[in-house]
Amino acid sequence: MSVLRADNVRKFYDDLEVLRGVTFEVEPGEVKVIIGPSGSGKSTLLRCLAVLEEPEEGQVTLEGRRPGPGEVGMVFQQFNLFQNMTALQNVMSGLLHVRGQSKREAREQALAFLQRVGLEDKAAQYPDELSGGQQQRVAIARALVMKPRAMLFDEATSALDIELVREVLDVMESLAREGMTMVVVTHEMRFAQHVATSVLMMDEGRIVEEAPPDEFFSSPKEERTQRFLSLVE
Amino acid sequence: MLASFDTHLFWSALSSSPYWKGALIALALASASLGIAVVLGFFLALGRFSRFRVVRGIVFFYNWIFRATPTLLQLLFIWNALPLLWPVFAQGWFKPFIAALVALSLNEAAYMCEIIRAGLLSVDPGQELAGRALGMPRRKILRRVIVPQAVRIVIPPTGNEFITLLKLTSLASVISLQELLTASQNLAAVRFEYIEAYSAALVYYLGIVSVLMVLQSRLERKFTWSSRGRARVAAPAVPAISHDAR
């Protein structure tokens, strides 16, 4: 059974139909990479999966039910770390204010997850004092500490300086190896090639094509995918 | 000119009890009014973001009334007209200080509403989004994430508001509150020594505002979340509101 599912999801912004009936699912441990031009609905699909947006039609389910708070982790392009909290406080925030844990428990777990992303020495720093790559790793730790059933990455490396992309991709790759269920919107084609279980092409609010990475990149079936790949590479 | 300045009179005015009591009353009135106005203004600001049109309408009406009419008129209305409308206000507890506190708080709340609204709006929407993605309830996001960040933006214009309020307390001299201006007026009227009487009052106002400015810069530093960036001065995102005509 799939972990995370979208069933015939339709989403409108005013009159604009951003998602035109998307059906999509991830099995446990799979890494699905979504590519496509801007405005194709990739981010909106992620936001629906993270329950940040309510679709007008269709539904999103996690193991057959509506996802609960923190069960689907989301990592944003702009990191969105809480500016008024240190790295440690950021990672603790979900445990304190969503899970209602004690400060001591939360602190212990948060430190472990900061260590997991290699930033235990930055615990006391504010986001302002961290590089983009470090901020994004803290953001990943903040989502992971909630023990999500699936992680969503919305162009997690697009806002980073080129030399900082690697450290974030490394964390994402190690997560994938550990069996985390992931949905990744990205322009990093090499990540897609090496890490993805399957790659999806989205355009104009629809999933145009889905295939394992080898097949997807070497012999894409759809004309739209071929055109997009020729532009990207 | 200076020959006519009676230094002795100036010093004795400065240290006289009507002056320091008057200054204390002005300070207490301004602080209490601002305190009430910040709380009231916060809820008014939230009301402006309400889903319900009625709530937004009430806030708009409130702000319209209190910003479009002179503060002095509001003060006189509350002191003189309110007791005629409701007998509760005709009783002994409704002293000039209370009347001034009510008038200045209600008036200031309308201004604070706009300042706080702008402060809340200046916080990056990504902050709320991240809170929601973690599953934080709206109220927690507001309290733990948005309000602390808005405070940083709201402090400088609120400091301005305090200064304005401190000066507005002098209006309460018309409803016989024994504040600082009344003290200097009384002295000037008795002795016709205007320069000394008014100068002593000036010194008090300047002194209070100076202390406030120090407190404000400390507070601003407290709400800057960066150990490196402590010295950095963030440009306030809130446009200055002119009070000249209040």
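Residues numbered from 1 in each chain as written. Chains lettered and ligands numbered in written order. Predicted model: local features only at pLDDT ≥ 70, side-chain atom pairs only at ≥ 80, totals over all residues. Heavy atoms only, no water.

1. Here's the deal with the packing of aromatic side chains
Right, so step 1: Tallied over the entire structure, the rule returns 14 aromatic pairs over all chains.
Right, so step 2: Summarising the aromatic geometry, the rings of phenylalanine 61 of chain B and tryptophan 64 of chain B are spaced 5.8 Å apart at their centres and angled 45° between planes, so their arrangement reads as tilted. Of the two residues, phenylalanine 61 of chain B and tryptophan 64 of chain B both sit in helix α3 (residues 53-68), 3 residues apart, roughly one turn of that helix.
Right, so step 3: You can call phenylalanine 61 of chain B partly exposed: its relative accessible area is 49%.
Right, so step 4: Aromatic rings pair up to connect Trp79, Trp86, Phe89, Trp93 and Phe94 of chain B into one cluster.
Right, so step 5: Its end group placed over the ring of phenylalanine 24 of chain A, lysine 32 of chain A keeps NZ or CZ at 5.8 Å from the ring centre.
Right, so step 6: Over the ring of phenylalanine 82 of chain A we find arginine 142 of chain A; its NZ or CZ atom is 4.6 Å from the centre of that ring. (Phe/Tyr/Trp six-rings, centres within 6.5 Å; stacked < 30°, edge-to-face > 60°. Helix = DSSP H or I, 4+ residues; strand = E, 2+ residues; numbered from the N terminus. Buried < 20%, exposed > 50% of the residue type's maximum accessible area, 1.4 Å probe, protein only. Lys NZ or Arg CZ within 6 Å of the ring centre and 35° of its normal.)

2. Comments concerning the packing of helix α8 (residues 180-191) of chain B against helix α9 (residues 194-222) of chain B
All names here are of chain B.
Right, so step 1: Running from amino to carboxyl end, α8 crosses α9 at an angle of 165°, the nearest separation of the two axes being 8 Å. When the axis of α8 is compared with that of α9, the two are roughly antiparallel. Relative to α9, the crossing made by α8 is right-handed. Here Leu180, Leu181, Ser184, Gln185, Leu187 and Ala188 of α8 lie close against α9, whose contacting residues are Tyr194, Ala197, Tyr198, Ala201, Tyr204 and Tyr205.
Right, so step 2: Here the residues of the contact of α8 with α9 are counted per class, giving 10 nonpolar, 2 polar and no charged. (Axes fitted to C-alpha atoms, helices over the stretch in contact; angles between N-to-C directions. Parallel < 35°, antiparallel > 145°, perpendicular 65-115°, else oblique. Left-handed = near helix turned anticlockwise from the far one by under 90°. Contact = heavy atoms within 4.5 Å. Nonpolar A, V, L, I, M, F, W, Y, C, P; charged D, E, K, R; others polar.)

3. Overview of α8 of chain B
Residue and element names in this part refer to chain B.
Right, so step 1: Spanning 12 residues, α8 covers 17 Å between terminal C-alpha atoms, matching the ideal 16 Å at 1.5 Å per step.
Right, so step 2: Of the positions making up α8, those classed as buried are Leu180, Thr182, Ala183, Ser184 and Ala188.
Right, so step 3: Of the residues trailing α8, phenylalanine 192 is marked for its positive phi of about 55°. (Expected span 1.5 Å × (residues − 1).)

4. Let's talk about the confidence of the model for chain B
Right, so step 1: For chain B, per-residue confidence averages 88 on the pLDDT scale, and residues scoring 70 or more make up 91% of the total.
Right, so step 2: Scored by ipTM, the complex comes to 0.93, with pTM at 0.86. (pLDDT = per-residue confidence, 0-100.)

5. Comments concerning the packing of helix α2 (residues 17-48) of chain B against α3 of chain B
Residues and elements named next belong to chain B.
Right, so step 1: In contact at an axis separation of 8 Å, α2 and α3 are set at 130° when each is read in the N-to-C sense. What the angle tells us is that α2 and α3 run oblique. Between α2 and α3 lies a crossing of left-handed hand. On α3, the residues touching Leu40, Leu44, Gly47 and Arg48 of α2 are Val55, Arg56, Val59, Tyr62 and Asn63.
Right, so step 2: Per-class residue counts for the contact of α2 with α3 are 5 nonpolar, 2 polar and 2 charged.

6. A short note on the pairing of strand β6 (residues 150-154) of chain A
All names here are of chain A.
Right, so step 1: Counting buried positions along β6 gives 5 out of 5 residues, so the element sits mostly inside the fold.
Right, so step 2: Side chains Ala150, Leu152 and Asp154 project from β6 onto one buried face, and the interleaved Met151 and Phe153 project onto a second face that is buried too.
Right, so step 3: Taken together, the 4 bridges between strand β5 (residues 72-75) and β6 define a ladder with parallel strand orientation. Residue pairing across strands places valine 75 opposite phenylalanine 153, the latter belonging to β6.
Right, so step 4: In this sheet, strand β7 (residues 182-185) lies alongside β6 in parallel orientation, the contact comprising 4 bridges. Bridging from a neighbouring strand, methionine 151 pairs with methionine 182 of β7. (Pairing = 2+ DSSP bridges.)

7. Some points on the interface of chain A and chain B
Right, so step 1: Chain A puts 24 residues into the contact, and the matching count from chain B is 22 residues.
Right, so step 2: Buried area between chain A and chain B, summed over both chains or domains, comes out near 2,000 Å², and the portion from carbon and sulfur atoms is 58%.
Right, so step 3: For the pair chain A and chain B, the interface holds 0 salt bridges.
Right, so step 4: At the junction of chain A and chain B, the tally comes to 7 residue pairs in polar contact (both at pLDDT 80 or more).
Right, so step 5: Sorting the residues of the side of chain A that touches chain B by element identifies β5 and α2 (87-97) of chain A as the ones contributing at least two each.
Right, so step 6: It is α2 of chain A that provides the largest number of residues to the side of chain A that touches chain B, a total of 3 residues.
Right, so step 7: Considered class by class, the residues forming the side of chain A that touches chain B number 12 nonpolar, 7 polar and 5 charged. (Buried area = accessible area lost by both parts, 1.4 Å probe. Salt bridge = Lys/Arg side-chain N within 4 Å of Asp/Glu carboxyl O. Polar contact = N/O pair within 3.5 Å; in protein donor to acceptor, adjacent residues only side chain to side chain.)

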